[in-house]
Amino acid sequence: MITYSTDGVKMPDIKRRETTAWIKKVAASYGRKVGEIGYMFVNDEKILEVNNEYLGHDYYTDIITFDYDEGDVLNGDLVISLDTVRTNAQQFGKPYNEELHRVIIHGILHLCGINDKEPGEREIMEAAEDKALAMR
């Protein structure tokens, strides 16, 4: 089950049923099933608070992924800052809705085992994001 909730922001204009089907399709393309996934849409202040409290990081980010996977079943909590998504969309010259979906699937790709911190991983993640967005 995939749930969508907010804390301090208005729910983004996403088609939940279609988004859920898309997430399941992307997970299946990696041989994974969707278990319990919780999306929490927040503002920059809240994501900074979460980043500080749980990861010891003192900076804003677009998404934080908490991975509770069990075998091939994806389970996790994904916290997304709509403020940072909007800023990034403007910075990269992308439509807000496209950037939002990129971030939504970015967390799922992390749960599927794709990382983006080490040299060369960012390009792999971006290619996986592009492939997943094409599946929408």
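Read on for a plain summary of the structure. (Residues numbered from 1 in each chain as written. Predicted model: local features only at pLDDT ≥ 70, side-chain atom pairs only at ≥ 80, totals over all residues. Heavy atoms only, no water.)

**Section: the overall build of the chain**
Quick reminder of the rule: Each helix is a run of H or I in the DSSP string that is no shorter than four residues. Each strand is a run of E no shorter than two, and both are numbered from the N terminus. In this treatment the radius of gyration is a C-alpha quantity, and the globule benchmark scales as 2.2 Å times the residue count to the 0.38 power. Whether two residues are in contact is decided by their heavy atoms, any of which lying within 4.5 Å being enough. For the area figures, the Shrake-Rupley method with a 1.4 Å probe applies, and any residue is considered shielded solely by the protein chains shown. For the charge count, each Lys or Arg is scored as positive and each Asp or Glu as negative, with His and the chain ends excluded. For charged residues, the charge sits on one atom: NZ in Lys, CZ in Arg, CG in Asp, CD in Glu.
Counting its regular elements, the chain contains 5 helices and 4 strands. The helix and strand sequence of the chain, counted from the amino end, reads β-α-β-α-β-β-α-α-α. In summary, the chain has a C-alpha radius of gyration of 14 Å against a globular reference of 14 Å for 136 residues, a match within 12%. Oriented by its inertia axes, the alpha-carbon framework of the chain measures out at about 35 × 35 × 30 Å. The long-range share in the chain, meaning contacts at least 24 apart out of those at least 6 apart in sequence, stands at 63%. Of the accessible surface of the chain, which amounts to about 7,400 Å², a share of 49% is contributed by carbon and sulfur atoms. Between the averaged position of the 16 positive side-chain charges in the chain and that of its 25 negative side-chain charges there is a distance of 9 Å.

**Description of the pattern of salt bridges**
Heads up, the rule is: Any Lys or Arg side-chain nitrogen found within 4 Å of a carboxyl oxygen on Asp or Glu counts as a salt bridge. Residue burial is assigned from relative accessible area. The probe radius is 1.4 Å, only protein chains are included, and a residue is buried under 20% of its type maximum, exposed over 50%, and partly exposed in between.
Under the criterion given, the structure shown has 11 salt bridges. Residues Lys 94 and Glu 98 are paired through a salt bridge, measuring 3.9 Å at the closest nitrogen-oxygen approach. Arg 102 is paired through a salt bridge with Glu 129; the nearest N and O atoms lie 2.9 Å apart. Of this pair, Arg 102 sits in helix H4 (residues 96–111) while Glu 129 sits in helix H5 (residues 121–134); the two residues are 27 residues apart in sequence, bridging distant segments of the chain. Under the relative-accessibility criterion, Glu 129 is labelled buried at 2%. Here the residues in one salt-bridge network are Arg 102, Asp 116, Lys 117, Arg 122, Glu 126, Glu 129 and Asp 130, joined through shared partners.

**A word on the packing of helix H3 (residues 82–92) against H4**
Note the cut-off: Geometry is summarised by axes, namely lines fitted to C-alpha atoms with helices restricted to the contacting stretch, and by angles between N-to-C directions that run from 0 to 180 degrees. Reported orientations rely on four angle classes, namely roughly parallel under 35 degrees, roughly antiparallel over 145, roughly perpendicular from 65 to 115, and oblique for the rest. Crossing handedness is defined as follows: a turn of the near helix away from the far one that is anticlockwise and smaller than a right angle gives a left-handed crossing, while the clockwise case is right-handed. Gly is put with the polar residues, along with every residue not named as nonpolar or charged; the nonpolar set is Ala, Val, Leu, Ile, Met, Phe, Trp, Tyr, Cys and Pro, and the charged set is Asp, Glu, Lys and Arg.
Two elements in contact, H3 and H4, have axes whose closest approach is 9 Å; the angle formed by their N-to-C orientations is 120°. Relative to H4, the element H3 is oriented oblique. As H3 packs across H4, the resulting crossing turns out to be right-handed. Of H4, the residues touching H3 (which contributes Leu 82, Val 85, Arg 86, Asn 88, Ala 89 and Phe 92) are Tyr 96, Glu 99, Leu 100 and Val 103. Each residue belonging to the contact of H3 with H4 can be placed in one class, and the counts come to 7 nonpolar, 1 polar and 2 charged.

**A few points about the side chain of Arg 32**
Condition: Polar contacts, as used here, are pairs of N or O atoms within 3.5 Å; protein pairs need one atom able to donate a hydrogen and one able to accept it. Residues neighboring in sequence count only if both atoms are side-chain atoms.
Along the chain, Arg 32 falls in the loop between helix H1 (16–29) and strand E2 (33–42). For Arg 32, a relative accessible area of 16% gives the class buried. A polar contact is formed between the side chain of Arg 32 and the side chain of Asp 69, at a distance of 3.1 Å. Those residues within four positions of Arg 32 in sequence are excluded, and the remaining contacts are Ala 27, Asp 69, Gly 71, Asp 72, Leu 74, Leu 111, Cys 112 and Gly 113.

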